[in-house]
Amino acid sequence: MLNSRSADQTTAAHDRVYRTLRTRIMHGEIAPGAALTLRGIGKEFDVSMTPAREAVRRLVAEGALFLSSSGRVSTPELSNDRIEELAALRALLEVELSSRALPRAHMALIDRLQTINMNVAEMVTKRDAVGYIRTNLEFHRTLYLRAQAPAMLAMAETVWLQLGPTMRALYGRLRRTEPPHYHKLIIAALKAGDEPGLRLAVRSDVTQGLRLLVS
């Protein structure tokens, strides 16, 4: 019984560490190339090495962290080719998700997206990079949940996870003064039931910024 309880506690600790680190990485709270140590993770989360190691192992498998041949763990520093590949993946997955969401895009969803976009604008005004990435992804996730395609959305989230630190670097380069123009076009296309317009707006929104990183 004690062994079973101990295993459950280790699993719960690992899951907490994994989910917290995953969110931080996805939202750009950790810079590209930043090193993480099992000892540091264990100390911060007050866990033993086992749940820290298991959380890191999962994040490495998802491409959120990079494990070097020497055993150094860090957030990835993406090459231009890798950024191009992930931008293309975003275009493929998210355009399809938006198309599948369109038939279920009722006014309640559109109102919700407009509210989230106001939050995006607020983060831009505050120059809050992490808040901007978080609310921007919330905008996209809220729309894509209506697609009722969980496997496809999970793939999209894995791409977001791999891009998180790079998105933070991109935000600093863009120096935004207003929310993404294409969000308004996405909302307008949803209101009009305009699938070609929606697909174009989503493709432009998810690739435009990333392409600036490789120009």
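Everything discussed here concerns the structure shown above.
All values reported here derive from a predicted model rather than from experimental measurement.

Visitor: Lay out the overall build of the protein with the relevant residues and their values.
Guide: Secondary structure assignment for the protein yields nine helices and three strands. Secondary structure elements of the protein occur, N-terminal to C-terminal, as α-β-α-α-β-β-α-α-α-α-α-α. Projected onto its principal axes, the C-alpha coordinates of the protein cover approximately 60 × 45 × 30 Å. Per-residue burial over the protein gives 47% buried out of 215 residues. Contacts spanning at least 24 positions in sequence make up 78% of the contacts within the protein whose residues lie at least 6 apart. Counting every atom, the protein has about 11200 Å² of accessible surface; 53% of that belongs to carbon and sulfur. Taking the 30 positively charged and 22 negatively charged side chains of the protein as two groups, their mean positions are separated by 3 Å.

Visitor: Would you mind going over the packing of aromatic side chains in detail, with residue names and values included?
Guide: Applying the stated criterion across every chain, the model contains one aromatic pair. Seen from the ring of Tyr18, Arg58 lies directly overhead, with NZ or CZ sitting 3.6 Å from the centre.

Visitor: Lay out helix α3 (residues 49-61) in plain terms, naming residues and giving numbers.
Guide: With 13 residues, α3 ought to run about 18 Å at 1.5 Å a step, and its terminal C-alpha atoms sit 18 Å apart, in line with that. All of the buried residues in α3 are Pro51, Ala52, Ala55, Val56 and Leu59. Mapping the buried residues of α3 onto a view down its axis gives an arc of 135°, with all of them on the same face. Looking one or two residues past α3, Gly63 carries a phi angle of roughly 85°, positive in sign.

Visitor: Give me unusual backbone geometry: which residues, what numbers.
Guide: If you check the backbone angles, Asp46 has positive phi at about 55° while not being a glycine. By the secondary structure assignment, Asp46 is in the loop between α2 (38-45) and α3. In this structure, Arg127 takes a positive phi of about 55° despite not being glycine. By the element assignment, Arg127 lies in the loop between α5 (107-126) and α6 (129-145). Looking at Arg127, the relative accessible area reads 57%, which means it is exposed.

Visitor: Give a detailed account of the nonpolar core, specifying residues and quantitative values.
Guide: Core analysis: the largest hydrophobic core is formed by 63 residues, its most contacted members being Ile41, Leu97, Leu143, Tyr144, Ile186 and Leu190. No other element matches the 10 residues that helix α7 (residues 150-174) contributes to this core. In terms of domain composition, this core takes at least three residues from each of domain 1 (4-75) and domain 2 (80-212). With residues near it in sequence (within four places) discarded, Ile41 still touches Val17, Leu21, Leu36, Val47, Ala52 and Val56.

Visitor: Quick one: what's the story with the packing of α5 against helix α8 (residues 181-192), residue by residue and with numbers?
Guide: The geometry of α5 relative to α8 is characterised by a closest axis approach of 10 Å and an angle of 170° between their N-to-C directions. Relative to α8, α5 is oriented roughly antiparallel. Contacts between α5 and α8 involve Ile110, Leu113, Gln114 and Asn117 from the first element and His183, Lys184, Ile187, Leu190 and Lys191 from the second. Along the lines of polarity and charge, the residues of the contact of α5 with α8 split into four nonpolar, three polar and two charged.

Criteria and cut-off values
Residues numbered from 1 in each chain as written. Predicted model: local features only at pLDDT ≥ 70, side-chain atom pairs only at ≥ 80, totals over all residues. Heavy atoms only, no water. Helix = DSSP H or I, 4+ residues; strand = E, 2+ residues; numbered from the N terminus. Buried < 20%, exposed > 50% of the residue type's maximum accessible area, 1.4 Å probe, protein only. Contact = heavy atoms within 4.5 Å. Areas by Shrake-Rupley, 256 points an atom, 1.4 Å probe, with all protein chains shown as cover. Lys, Arg positive; Asp, Glu negative; His and termini not counted. Charge placed at Lys NZ, Arg CZ, Asp CG, Glu CD. Phe/Tyr/Trp six-rings, centres within 6.5 Å; stacked < 30°, edge-to-face > 60°. Lys NZ or Arg CZ within 6 Å of the ring centre and 35° of its normal. Expected span 1.5 Å × (residues − 1). Arc of directions from axis to C-beta. Core = buried A, V, L, I, M, F, W, Y, C linked by side-chain atoms within 4.5 Å. Domains from an automatic or database assignment. Axes fitted to C-alpha atoms, helices over the stretch in contact; angles between N-to-C directions. Parallel < 35°, antiparallel > 145°, perpendicular 65-115°, else oblique. Nonpolar A, V, L, I, M, F, W, Y, C, P; charged D, E, K, R; others polar.

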